[in-house]
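Report on the structure
Each chain, letter by letter, is given below.
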Amino acid sequence: DAGITQSPRHKVTETGTPVTLRCHQTENHRYMYWYRQDPGHGLRLIHYSYGVKDTDKGEVSDGYSVSRSKTEDFLLTLESATSSQTSVYFCAISEMNTEAFFGQGTRLTVV
Amino acid sequence: AQSVSQHNHHVILSEAASLELGCNYSYGGTVNLFWYVQYPGQHLQLLLKYFSGDPLVKGIKGFEAEFIKSKFSFNLRKPSVQWSDTAEYFCAVVGSGSARQLTFGSGTQLTVLP
């Protein structure tokens, strides 16, 4: 498996609290992605990065922000968590001529 | 904006039946195409990929897919499914631009009955 670590793997948080999910890679891949997976919706892109400090929004970016200050780390922040953000979050990495490799996922529950 | 459509949301087959899952995409330029599989409780794993060359791509576990550029399609096929193929299948596309936004379809749940 590609060297991708997501942390935490599980988290329960209260509505209105900030939450940060971390994706760490050891592959030195340029591209990193955050997705959320919900039944019936597949994987929806939240934000992605095409280099250090280079990020862009995906189709469901409202309520989320990201940062990438170094190649290996891509952070996803929920500024004020809501119940609609309860989901499974996946990080992925890729290079220009490779497929994407996925992390194990983070199950986030907002109560 | 690019998008991916998977028309079959849930497919139920008996073992040894043939499989074809549809995937259509919209994008105005050159694309790379992928099929991923997700077994219950696991992350996505690559089945096969198309970057260029022969439009008929062979992947793992006997799966194959055909890229038809004129139809913007990349359908997944397997001649004879097994119970162990029960999983969710996702088609994905990435455009040729430098940003490489990777977009997934909504997935097809395949159930294979023994």
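This write-up is about the structure you can find in this document. (Residues numbered from 1 in each chain as written. Chains lettered and ligands numbered in written order. Predicted model: local features only at pLDDT ≥ 70, side-chain atom pairs only at ≥ 80, totals over all residues. Heavy atoms only, no water.)

1. Topic: the overall build of chain B
Which entries qualify depends on this criterion: Working definition: helices are DSSP H or I runs of at least four residues, strands are E runs of at least two. Numbering for both runs from the N terminus. This radius of gyration counts C-alpha atoms alone. The globule rule is 2.2 Å times how many residues there are, raised to the power 0.38. Throughout, exposure labels follow a simple rule: accessible area from a 1.4 Å probe, protein chains only, divided by the maximum for the residue type, with under 20% read as buried, over 50% as exposed, and the rest as partly exposed. Note on contacts: a residue pair qualifies if any of its non-hydrogen atoms lie within 4.5 Å across the two residues. Shrake-Rupley sampling with a 1.4 Å probe provides the accessible areas, and residues are treated as covered by the protein chains on show and by no other component. Only four residue types enter the charge count, namely Lys and Arg as positive and Asp and Glu as negative; His and the chain termini do not. Here the site of a charge means atom NZ of a Lys, CZ of an Arg, CG of an Asp or CD of a Glu.
Regarding its fold elements, chain B presents zero helices and twelve strands. In chain B, the order of α-helices and β-strands from amino to carboxyl end is β-β-β-β-β-β-β-β-β-β-β-β. What you see for chain B is a C-alpha radius of gyration of 14 Å, in line with the 13 Å of a compact globule of 114 residues. The dimensions of chain B, computed from C-alpha atoms along their principal axes, are 45 × 30 × 20 Å. Here chain B holds 114 residues, and 46% of them are scored as buried. Taking all contacts inside chain B whose residues are at least 6 apart in sequence as the whole, residues at least 24 apart take part in 55%. Split by element, the accessible area of chain B, about 5,200 Å² in all, is 54% carbon and sulfur. Of the side chains in chain B, 8 bear a positive and 7 a negative charge, and the two mean positions are spaced by 8 Å.

2. Observations regarding the state of the cysteines
All names here are of chain A. Worth spelling out the cut-off: Throughout, disulfides are identified as pairs of cysteine sulfur atoms within 2.5 Å of each other.
What the rule picks out here adds up to two disulfides over all chains. With its sulfur 1.9 Å from that of its partner, Cys 23 forms a disulfide with Cys 91. Residues Cys 23 and Cys 91 share a disulfide whose torsion about the S-S bond is about -70°; that sign makes it left-handed. Placement of Cys 23 in strand S3 (residues 19-25) and of Cys 91 in strand S9 (residues 87-94) is noted, with a sequence separation of 68 residues between them. Overall, Cys 91 belongs to the buried group, its relative accessible area being 0%.

3. So, the nonpolar core
Residue and element names in this part refer to chain B. The following threshold applies: Residues grouped as a nonpolar core are buried Ala, Val, Leu, Ile, Met, Phe, Trp, Tyr and Cys residues, joined through side-chain atoms within 4.5 Å.
Among the nonpolar cores identified, the biggest contains 28 residues, and Trp 35, Leu 48 and Tyr 89 are the most heavily contacted of them. Among the elements of the structure, strand S2 (10-14), strand S3 (19-21), strand S5 (31-38), strand S6 (45-50), strand S8 (64-68), strand S9 (73-78), strand S10 (87-95) and strand S12 (108-113) are those that each provide at least two residues to this core. The residues contacting Leu 48, other than those within four sequence positions of it, are Leu 33, Phe 34, Trp 35, Val 57, Lys 58, Gly 59, Phe 63, Glu 64, Ala 65, Phe 74 and Leu 76.

4. Quick notes on the pairing of strand S4 (residues 31-38) of chain A
Residues and elements named next belong to chain A. Keep this limit in mind: At least two DSSP bridges between two strands are needed for those strands to be called paired.
Counting buried positions over the eight residues of S4 gives eight, a clear majority of the element. The two faces of S4 match: Tyr 31, Tyr 33, Tyr 35 and Gln 37 on one face and Met 32, Trp 34, Arg 36 and Asp 38 on the other face are all buried. Across seven bridges, the pairing between S4 and S9 is antiparallel. Bridged to Tyr 35 within S9 is Phe 90. Sheet topology places S4 next to strand S5 (residues 42-51); seven bridges connect them, and they run antiparallel. Bridging from a neighbouring strand, Tyr 35 pairs with Leu 45 of S5. What sits between S4 and S5 in their antiparallel hairpin is a turn of three residues, with Gly 40 showing a positive phi close to 85°.

5. Describing the packing of aromatic side chains
Put simply, the rule is: Stacked, tilted and edge-to-face pairs are distinguished by plane angle, under 30 degrees for stacked and over 60 for edge-to-face with tilted covering the rest, among Phe, Tyr and Trp rings (Trp via its six-membered ring) whose centres lie within 6.5 Å. Here, a charge over a ring means that NZ of Lys or CZ of Arg falls within 6 Å of the ring centre while also lying within 35 degrees of the ring normal.
Taken as a whole and assessed by the stated rule, the structure comprises 15 aromatic pairs over all chains. Ring geometry for A:Phe102 and B:Tyr36: centres 5.5 Å apart, planes at 80°, overall edge-to-face. Linking A:Phe102 in strand S10 (residues 101-102) with B:Tyr36 in strand S5, this pair reaches from one chain into another. Residue class for A:Phe102 comes out buried when judged on its relative accessible area of 6%. You can call B:Tyr36 buried: its relative accessible area is 0%. Residues B:Tyr50 and B:Phe67 carry aromatic rings whose centres are separated by 4.7 Å and whose planes lie at 40° to one another, so their mutual orientation is tilted. In this pair, B:Tyr50 sits in strand S6 while B:Phe67 sits in strand S8, placing the two residues 17 residues apart along the sequence. Overall, the relative accessible area of 8% leaves B:Tyr50 in the buried class. An aromatic cluster is defined as three or more aromatic residues linked by ring pairs; in this entry it consists of A:Tyr33, A:Tyr35, A:Tyr48, A:Tyr50, A:Phe102, B:Phe34, B:Tyr36, B:Phe51 and B:Phe104. Positioned over the ring face of A:Tyr31 is B:Arg100, at 6.0 Å from the centre of the ring.

6. Examining the pattern of salt bridges
Residue and element names in this part refer to chain B. Basically, it comes down to this: Salt bridge, as used here: a side-chain nitrogen of Lys or Arg that lies within 4 Å of a carboxyl oxygen of Asp or Glu.
All chains considered together, the criterion is met by nine salt bridges over all chains. We note a salt bridge from Arg 77 to Glu 64, for which the minimum N-O separation is 3.4 Å. Of this pair, Arg 77 sits in strand S9 while Glu 64 sits in strand S8; the two residues are 13 residues apart in sequence, bridging distant segments of the chain. Looking at Arg 77, the relative accessible area reads 23%, which means it is partly exposed. The buried category is assigned to Glu 64, whose relative accessible area is 18%. The salt bridge involving Asp 85 is made with Lys 78; its shortest N-O contact spans 2.8 Å. Residue classification places Lys 78 among the buried positions, given a relative accessible area of 7%.

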